[in-house]
Each structure stands twice: as structure tokens, then as C-alpha cells.
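The primary structure of each chain is shown beneath.
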Amino acid sequence: MTNRPKLVVANRKMNGNLPDNARFLQSVLQETRHHRARYAVCPPHPYLQQAQQLLQHSHVAWGGQNMSRFERGAYTGSVSPLMLKEFGCTYVIIGHSERRLRGHESDESCGERFEAALKAGLTPILCIGETLEEYELGETDLVVVRQLNPVISHVGIQALAKGVIAYEPIWAIGTGKAASPQHAQAILSFIRGHIGLLDEQVAEQITLLYGGSVNPGNAAQLMSMPDVDGGLIGGASLIVEDFIQICQIANELSSLKSAA
Ligand code: PEP
């Protein structure tokens, strides 16, 4: 295993307001300032400028929750990769299940937007994961390969390493029922192995996250799994104390890794 410091990303979804965001961002900045783990916050798009003002020149990155594959044009309600870049984003979430299901985003469109994000100099965080039905049918491996392959076709295996992959079982998102650490590890190890069939170095380098009801009580077990390089955090990023506890756990695990 390479020595990958943990990455913790807050997906704040459609939550927050100016004063609440400011409290959240200032606390995260303050409480994690000497950490080795890596952090990013993805607020709703209107608050990216606030994130830029408060986080610039700090160790905490920020990103968008979605984007168009187009740079500009008649796409009402969409945000372009160039706009995210202009507001200093490092990351952009691509293919979150809430967008795949409600916004009818296809695997193919996720591949196109992963490519567009890289072209703009953003780090895409590709979300993949199965429904409860697919999980119960034992189809998780098939689903994650089906979601990953269009991305690899678009960008090639080498460029995949410039992004992040978040395994987020849909049945675990916002339900309070996280996957067991063993399940998260099994699927992330399978994903790393699938990538490794094409390029072992990319498999070794790429950052793989687990997302789905991570909280301060289960974060240590989940993130100490060898193929779990960090977490994508939804609900627990709305409670600043909980998010900071998760960051502290990630940092302790990152420090242990560096000492090992
Ligand atoms: C998410 O939606 O990306 C997520 C991980 O949500 P939660 O932590 O609330 O399950």
C-alpha cells in the first residue's frame, strides 16, 4: 500500500446559509490546522464564493456538487467546469446517486463530465454504488464496473488516477445504516483490483473513498480498512462537531500510516 493520507470530503448537499456556513468553515479551518489528512468542503454552488473567501490559502479545499460537461451555452440551471474553476474549486462531485436517480444522469454522462472536469483542471470525485435491490441480488461488483467503465473509456486508465472514486451504496446514503467496514473494504478492494487489471500503478495511487452514513461512531472502523482512503460525508457534515471528530479520526489514521 502507498502512504495515502486520508481525504475527508463534506457533501453539504442543499443545506446551509451564509452565517451557518461561516461557522462551519471557520471551525473546520481552526480545528484541523495542524493535520496531515486532506479535507474538502462541497457547499451548494451559490456559496462557492464564500468558501473561496474563507478557505483560500488554507489547507482546506472546496468543490462543486455537480457540473455540466459544457463550458458555456444555453443550459439553464447548469454550472460549467470553468465557473467552478473561477471560484477556486479543486474538486467536483460527479454522478452522486441523488443526481443519477433524480436528474436521470447516465453512466455515459458521468464519463463525459469526468473528462470535462479533468480538462478544466478540476479533480472529479466520481460516486458509484448499487441500489438496495442490486445489493440484495449480489450485483454490487457488476454495478460498480458498469459505472466505472465509461469513465475509463473517456479518459483512459492513466488519467483515472487524477480523480477520486467514492463508493457510496445507495442504501447507506442518509439512512443511518452504513455499510459494514468489511463490505466497504471488499468493494473498494474489488474496485482497486479492477483498475489494477489495466494499470497497477494507477490502482496503487488512486484515492478511493467510502460514503454512506459515516459518523463519529463508525468512521474509525471504516477508514482503517486498507482500501478506504477516506470518506465522503453527507449528514454528519451538517453538525460541525461530528464532522470535526471524523476529521480527527482521519488524521490519526493518516499519522499512523506515516509512522508505519
Ligand atoms: C452522500 O450523500 O454523499 C452521503 C455520504 O450522505 P450521508 O453521509 O448522509 O449518508
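The preceding data block contains the structure.
A brief report on the enclosed structure follows. (Residues numbered from 1 in each chain as written. Predicted model: local features only at pLDDT ≥ 70, side-chain atom pairs only at ≥ 80, totals over all residues. Heavy atoms only, no water.)

A short note on unusual backbone geometry
Here's step 1: In the Ramachandran plot, K13 falls in the positive-phi region, its phi being about 50 degrees despite a non-glycine side chain.
Here's step 2: Inspection of the secondary structure assignment puts K13 in the loop between β1 (7–11) and α1 (18–31).
Here's step 3: A positive phi is found at S213, a non-glycine position, where the angle reads about 55 degrees.
Here's step 4: For S213, the location among the structural elements is in the loop between β7 (207–211) and α11 (219–223).
Here's step 5: On the basis of relative accessibility, which here comes to 15%, the residue S213 falls in the buried class. (Helix = DSSP H or I, 4+ residues; strand = E, 2+ residues; numbered from the N terminus. Buried < 20%, exposed > 50% of the residue type's maximum accessible area, 1.4 Å probe, protein only.)

Examining the side chain of T32
Here's step 1: Here T32 shows up in the loop between α1 and β2 (38–42).
Here's step 2: Not counting the four nearest positions on each side in its chain, T32 is found in contact with Y39, H59, V60 and C247. (Contact = heavy atoms within 4.5 Å.)

A word on the sheet that holds strand β3 (residues 60–64)
Here's step 1: With respect to topology, eight strands assemble into a closed barrel ordered β1-β2-β3-β4-β5-β6-β7-β8, the strand pairing being parallel. Mean inter-strand twist for the sheet, computed between neighbouring axes without regard to direction, equals 25 degrees.
Here's step 2: In terms of strand pairing, strand β6 (residues 164–167) meets β7 through four bridges, oriented parallel. When the sheet's bridge partners are listed, Y167 is paired in β7 with Y210.
Here's step 3: Helix-sheet contacts for helix α7 (residues 140–155) involve β5 (123–128) and β6, and the interaxial angle to β5 is about 150 degrees. (Pairing = 2+ DSSP bridges. Axes fitted to C-alpha atoms, helices over the stretch in contact; angles between N-to-C directions.)

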